[in-house]
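Results of the structural survey
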Amino acid sequence: DDNVVNGGTISGSNGLALDLGGGNDSLTLRNGSRFGGVVDGGSGDDQVVMDDAAGGSFGDSRNFEWLEVKQGAWTLTGNGDFSDGGAVRNGATLINQGSIAGDLTVDAGGVYAGGGSVGGLDVNGTLRTDTSLGRATVVHDLNMGSGSTLAYGVNADGSSAPVQVGGTANLNGA
């Protein structure tokens, strides 16, 4: 099992920046974390943890099952990873401009935004939309908790970025 903490630049050859191989691996990202190529979690139960109050961004990855945003505002641009989904914790923000294969939970005090897609979305914090980020897509169900907030941005000209839900949208008084 590998535990890598990165706050700098990791580059590799043949388009692969980091290969964690077999085992249950964890990659913790700090502000300034950069990868020159794809980051591969390998086999096993692998996670990416975004854990820096200053936030940051993360791009191309594969073979990671779980994404956890612990603190800070993070932008995700990679596509199709995180088959088991993940969590956005209290005080953290995820701006999803890519795609998350699994279901994501947003804790009370957490924020989910962005024009990317997610398998399913359970929001106990805030779901934020605006035209600068694009249309949020939930492939399956959207569940807004009773204490959650839908911060739906509408421009002065009336334009907005909708939330597209492929399954059922349960607003529960949000």
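Just above sits the structure.
Residues numbered from 1 in each chain as written. Predicted model: local features only at pLDDT ≥ 70, side-chain atom pairs only at ≥ 80, totals over all residues. Heavy atoms only, no water.

Topic: the packing of aromatic side chains
- On inspection of all chains with the given rule, the structure shows two aromatic pairs.
- Each ring, one from phenylalanine 64 and one from phenylalanine 82, has its centre 6.4 Å from the other, and the planes form 35 degrees; the classification is tilted. One end of the pair, phenylalanine 64, is in the loop between strand E7 (61-62) and strand E8 (66-76); the other, phenylalanine 82, is in the loop between E8 and strand E9 (86-88), with 18 residues separating them in the sequence. Just as phenylalanine 64 is buried, phenylalanine 82 falls in that class too. (Phe/Tyr/Trp six-rings, centres within 6.5 Å; stacked < 30°, edge-to-face > 60°. Helix = DSSP H or I, 4+ residues; strand = E, 2+ residues; numbered from the N terminus. Buried < 20%, exposed > 50% of the residue type's maximum accessible area, 1.4 Å probe, protein only.)

Here's the deal with the pairing of strand E5 (residues 47-51)
- The element E5 is largely enclosed, with a buried count of four among its five residues.
- Bridge count between strand E3 (residues 26-29) and E5: four bridges; the pairing is parallel. Paired with serine 26 across the strands is glutamine 47, a residue of E5.
- Bridge count for E5 against E8 is five bridges, and the pairing is parallel. Within E8, the residue paired with valine 49 across the bridge is glutamate 68. (Pairing = 2+ DSSP bridges.)

Re the environment of valine 138
- For valine 138, the position within the fold is in strand E15 (residues 136-138).
- When its relative accessible area of 2% is taken as the criterion, valine 138 is described as buried.
- In sequence terms valine 138 and leucine 104 are 34 residues apart; their C-alpha atoms lie 10.0 Å from each other.
- Beyond its immediate chain neighbours, meaning those up to four positions away, valine 138 contacts Val118, Gly119, Gly120, Leu121, Gln164, Val165 and Gly166. (Contact = heavy atoms within 4.5 Å.)

Some words on the environment of asparagine 14
- Mapped onto the fold, asparagine 14 is located in strand E2 (residues 9-19).
- Asparagine 14 gets classed as exposed once you look at its relative accessible area, which sits at 81%.
- Between the alpha carbons of asparagine 14 and serine 117 there is a distance of 28 Å; along the sequence they are 103 residues apart.

Comments concerning the pattern of salt bridges
- For the structure on display, the rule yields five salt bridges.
- Between aspartate 40 and arginine 62 there is a salt bridge whose closest N-O contact spans 3.0 Å. With aspartate 40 in strand E4 (residues 34-40) and arginine 62 in strand E7, the pair connects residues that are 22 residues apart, well separated along the chain.
- Owing to a relative accessible area of 39%, arginine 62 belongs among the partly exposed residues under this scheme.
- The partner of arginine 89 in a salt bridge is glutamate 68, with the nearest N and O atoms 2.9 Å apart. You can see arginine 89 sitting in the loop between E9 and strand E10 (92-96) and its partner glutamate 68 sitting in strand E8, a full 21 residues away along the chain.
- Judged by relative accessible area, which is 29%, arginine 89 ranks as partly exposed.
- On the accessibility criterion, glutamate 68 (13% relative accessible area) is buried.
- Residues joined by salt bridges that share partners form a network here, namely Glu68, Arg89 and Asp107. (Salt bridge = Lys/Arg side-chain N within 4 Å of Asp/Glu carboxyl O.)

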